[in-house]
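# Topology and contacts: notes
Now for the letters of each chain:
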Amino acid sequence: MIVPILYNWVIIILRTCFKAIAVSYLPVWLTLDYMSDLMYYADTILTLHTGYLDQGILIKNLTRLRKRYLTSKRFLIDLLSLLPTDFLYFVFGIETPMVRVNRLLRIPRLNEALDRMETRTSYPNTFRITKLMMYIFVLIHWNACLYFSLSDYIGFGMDRWVYPNISNPTFATMQRQYVYCFWFSTNIFTTIGDTPLPEREEEFLFMIADLLIAVLVFASIVGNVGSVITSLRDRDNVFFPNHELVKAYLRSHHVSKELRQRIDNWYQHLYINKKMMRENEILLQLPLHMRTEIGVSVHLPTLSKVTIFQNCEKSLLEELVLKLTPQVFSPGEYVCRKGDVGHEMYIIKEGKLAVVADDGVTEFAVLSAGNFFGEISILNIRGNKSGNRRTANIRSIGYSDVFSLSKEDLTDVLSQFPAAKRHLEEKGRQILVKMGMLDESAEEGDGDADQIETKLTKLEDHLELMQTKLARLMVELESSNSKMQARVERLEWELASQEADMLVYGEIEEMTKKRGEGVGEEVKWEREEAEGEEGDSCEKAKIQDQEEDVEDVSKEGDGESTKSTKEEVERPPEGDQSGLKATDYWEEKKEAEKAEDGHGKGDGAEGECGSKKEEKSIEREFEEKTEYNEEDLKEKEMKK
């Protein structure tokens, strides 16, 4: 669908703006038009029969496919693009290709096709740049056609900005017309600016629109090219792992020139031959089963050539292929030396390695692709006379690619396959017997050692179990301690809050007491003041009563004296003694009567004062009770 869609997007606007091109090649255009229409119809039929995924299951039922397609928005777009608008030729004329503008609605199908091609191609970066250039070409083509149409509307040769006058034979040909307009549009969109200045309003508006589009085009080009360069750099990092950092390190530590040259040659070999040293990192994004399948397809034939791994179950080999590590050795570099403790075995993928003497010159044998060595040292077979040490010097002749399998990885995998472990150890013993490197007496004497090792293994397992339980108990203890600490902190906080409340309550009580004492003192002072006033009034009353008594006594005394004088006058004197007795008698009687009168008056005044005091004391008690009730209410409100 890429070809018919691009044809319509390019040719329809070209025939609309360049009349001469449309008329000159009319039969060709009509033939291509209807061929593209046939491809449109074919695409619609194929889409109607295309399956889709529903919850990961491919649906192929024709009824469901039709229902899904006919009810989708895509069917509506496809139907509009297939409307027979060519019948409008009878109305507007055969030279009006714009009636086929509905064919441009199939552009989503073009985007879908390009996206699928980008995911399937082996060169996505190149394809991405090509797609971007295609879009830019179509945009420049449309702008060139619109420029020529605007020049036709204004008038060819009317000013320097529009297309030159076609009466000039140089600018009259169709090829020159299209090429000039395409060049003019390219200058605008590439922001070169080598174009004549506009003079009319239409020209200014056209240039403004073009410059705005040019900004977007330039930004898209820069962004896409930048992403492509970044992708290429990431790809180079696969072949050059930390190359610049290594170079900087060598320079800063003044490493010898010879060693630096070897390192540069090693990197160059990786780049030229596309050697990947970080396969595991590259495939890390894939699921585990896919990585296993890739490893089996790439490394299983090589691993199967190893003698000790022949006739092993496939699941063991699948586990081992994920443990293989690629390594590259430079010319003259030693892979292993005699007497070194063996920690890995090697499988040669490419290149040649030589078994040499201690002098490094004499060669005993040459190992090529498919050979392996060091397999006995990683099995840890009892009775091995070499004691898991290398028995030969192996040096790379040229650049050699090998896979290494470490002893730890093999032990880890064999722990899950005990039968395979026994099988490999038996094969290793047979190889050692053939080489004469197996001490059978030492192997028999190692039976007790095996038992001891078994016991040690059990003890280690029990120890690990106890450590696990201890760790669990420690975790529980820490959690319980944290809970208890949190609880204690909460209780301390509650106690502190209660103490704060008690302090506030005590302060309130002290304030109320002080206030009550002040009120009591005021009441006492008022009471004393009232009593003093009452006492003063009573004393004043007593003083008045005493004054009245004195006046009365004086008056009575005057009367009695007159009486006595009269009596004395009337009665004849009987002598001095009788006269004195009579005077004393009358004086005592008057004093008794005054005393009786005074006591009666005093009791009456005291009774009146006492009644007044009692009434005032009752009123004061009532007022104090009401005041204390109000204070109690206020205290209760403060406590709440």
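Thresholds, definitions, all that
Residues numbered from 1 in each chain as written. Predicted model: local features only at pLDDT ≥ 70, side-chain atom pairs only at ≥ 80, totals over all residues. Heavy atoms only, no water. Helix = DSSP H or I, 4+ residues; strand = E, 2+ residues; numbered from the N terminus. Buried < 20%, exposed > 50% of the residue type's maximum accessible area, 1.4 Å probe, protein only. Contact = heavy atoms within 4.5 Å. Areas by Shrake-Rupley, 256 points an atom, 1.4 Å probe, with all protein chains shown as cover. Arc of directions from axis to C-beta. Pairing = 2+ DSSP bridges. Axes fitted to C-alpha atoms, helices over the stretch in contact; angles between N-to-C directions. pLDDT = per-residue confidence, 0-100. Core = buried A, V, L, I, M, F, W, Y, C linked by side-chain atoms within 4.5 Å. Phe/Tyr/Trp six-rings, centres within 6.5 Å; stacked < 30°, edge-to-face > 60°. Lys NZ or Arg CZ within 6 Å of the ring centre and 35° of its normal. Left-handed = near helix turned anticlockwise from the far one by under 90°. Nonpolar A, V, L, I, M, F, W, Y, C, P; charged D, E, K, R; others polar. Disulfide = S-S within 2.5 Å.

## Considering the overall build of the chain
Along its length, the chain carries 20 helices and 10 strands. Sorting the 640 residues of the chain into buried and exposed places 30% on the buried side. The long-range fraction of contacts in the chain, counting pairs at least 24 apart against all pairs at least 6 apart in sequence, stands at 70%. Of the accessible surface of the chain, which amounts to about 42,400 Å², a share of 58% is contributed by carbon and sulfur atoms.

## Concerning helix α16 (residues 407–414)
By the burial criterion, the buried members of α16 are Leu410, Val413 and Leu414. The arc enclosing the buried residues of α16, seen along the axis, measures out at 95°, which places them on a common side.

## Focus on the side chain of Asn8
Looking at the secondary structure, you find Asn8 in helix α1 (residues 2–17). On the basis of relative accessible area, Asn8 is assigned to the buried category, the value being 0%. Excluding anything up to four places from it in sequence, Asn8 contacts Ser36, Tyr40, Arg100, Arg103 and Leu104.

## Brief notes about the sheet that holds strand β9 (residues 393–396)
Ordered by their spatial adjacency, 4 strands build an open sheet running β4-β9-β6-β7, and the pairing between neighbours is antiparallel. Each having just a single partner strand, β4 (334–336) and β7 (363–367) make up the two edges of the open sheet. Within the sheet, the average angular offset between the axes of one strand and its neighbour, ignoring direction, is 30°. Pairing between strand β6 (residues 353–356) and β9: 4 bridges, direction antiparallel. Along β9, the bridge assignment pairs Leu353 with Ser396.

## Re the confidence of the model for the chain
The predicted model of the chain has a mean per-residue pLDDT of 78, with 74% of residues at 70 or higher. Confidence drops under pLDDT 50 across residues 550–583; counting only partners more than four residues distant or on other chains, this segment forms 9 contacts. Considering only residues more than four positions removed or in separate chains, one finds that residues 598–611, a stretch of pLDDT under 50, has 7 contacts.

## Some words on the nonpolar core
Judged by nonpolar contacts, the single largest core of 34 residues is most densely connected at Leu14, Phe18, Tyr147, Trp161, Tyr163 and Cys181. Elements supplying a minimum of two residues to this core: α1, α8 (124–154), α9 (174–189) and α10 (201–239). Element by element, the count of residues in this core is highest for α8, at 9 residues. For Tyr147, the contacting residues outside a window of four places in its chain are Trp161, Val162, Tyr163, Tyr180, Cys181, Phe184 and Phe206. Counting 28 residues, the second-largest nonpolar core is a separate cluster that includes Cys312, Leu324, Phe372 and Leu432.

## Some points on the packing of aromatic side chains
This structure, assessed with the given rule, holds 22 aromatic pairs. Judged by centre distance (5.7 Å) and plane angle (45°), the ring pair of Phe137 and Phe182 falls under tilted. With Phe137 in helix α8 and Phe182 in helix α9, the pair connects residues that are 45 residues apart, well separated along the chain. Here Phe137 falls in the partly exposed class, since its relative accessible area comes to 39%. On the basis of an interplanar angle of 35° and a centroid distance of 5.9 Å, the ring pair of Tyr178 and Phe182 is categorised as tilted. Placement of the pair is Tyr178 and Phe182 together in helix α9, with a separation of 4 residues, close to one helical turn. An aromatic cluster of three or more residues is present, and its members are Phe18, Phe137, Phe148, Phe156, Tyr163, Phe171, Tyr178, Tyr180, Phe182 and Trp183. Lying over the aromatic face of Tyr40, Arg106 brings its terminal NZ or CZ to 4.8 Å of the ring centre.

## Observations concerning the packing of α8 against α9
It is at 8 Å that the axes of α8 and α9 come closest, and there the two elements cross at 115°. You can see that α8 and α9 cross each other, and the crossing is right-handed. Here α8 contributes Phe137, Leu139, Ile140, His141, Asn143, Ala144, Tyr147 and Phe148 to the contact with α9, which in turn contributes Gln177, Tyr178, Tyr180, Cys181, Phe182, Phe184, Ser185, Thr186 and Phe189. Tallied by class, the residues present in the contact of α8 with α9 amount to 12 nonpolar, 5 polar and no charged.

## Points about the environment of Pro326
Checked against the element boundaries, Pro326 lands in strand β3 (residues 325–329). On the accessibility criterion, Pro326 (16% relative accessible area) is buried.

## Side note on the sheet that holds β3
Pairing in this open sheet of 4 strands is antiparallel, and the strands run β3-β10-β5-β8 from one edge to the other. In this open sheet, the two edge strands, each paired with only one partner strand, are β3 and β8 (372–373). Relative to strand β10 (residues 400–406), strand β5 (residues 344–350) is paired through 6 bridges, and the arrangement is antiparallel. Note on β10: the bridge partner recorded for Met345 is Leu405. Packed onto the sheet, α16 meets β5 and β10 and runs at close to 50° relative to β10.

## Focus on the state of the cysteines
With the rule as written, the count across this model stands at 0 disulfides. No disulfide involves Cys181; its sulfur sits 7.9 Å from the nearest other cysteine sulfur, which is in Cys145.

## Thoughts on the packing of α1 against helix α3 (residues 26–48)
The geometry of α1 relative to α3 is characterised by a closest axis approach of 10 Å and an angle of 145° between their N-to-C directions. Pair α1 / α3 crosses with left-handed handedness. Residues Pro4, Ile5, Tyr7, Asn8, Ile11 and Arg15 of α1 form the contact with α3, whose participating residues are Leu26, Trp29, Leu30, Leu32, Asp33, Ser36, Met39 and Tyr40. Residues of the contact of α1 with α3, tallied by class, amount to 10 nonpolar, 2 polar and 2 charged.

## Here's the deal with the environment of Ser479
You can see Ser479 is positioned in helix α19 (residues 447–570). On the basis of relative accessibility, which here comes to 31%, the residue Ser479 falls in the partly exposed class.

## Side note on unusual backbone geometry
Phi angles above zero are rare outside glycine, and His254 is one such case at about 55°. With relative accessibility at 71%, the residue His254 sits in the exposed group.

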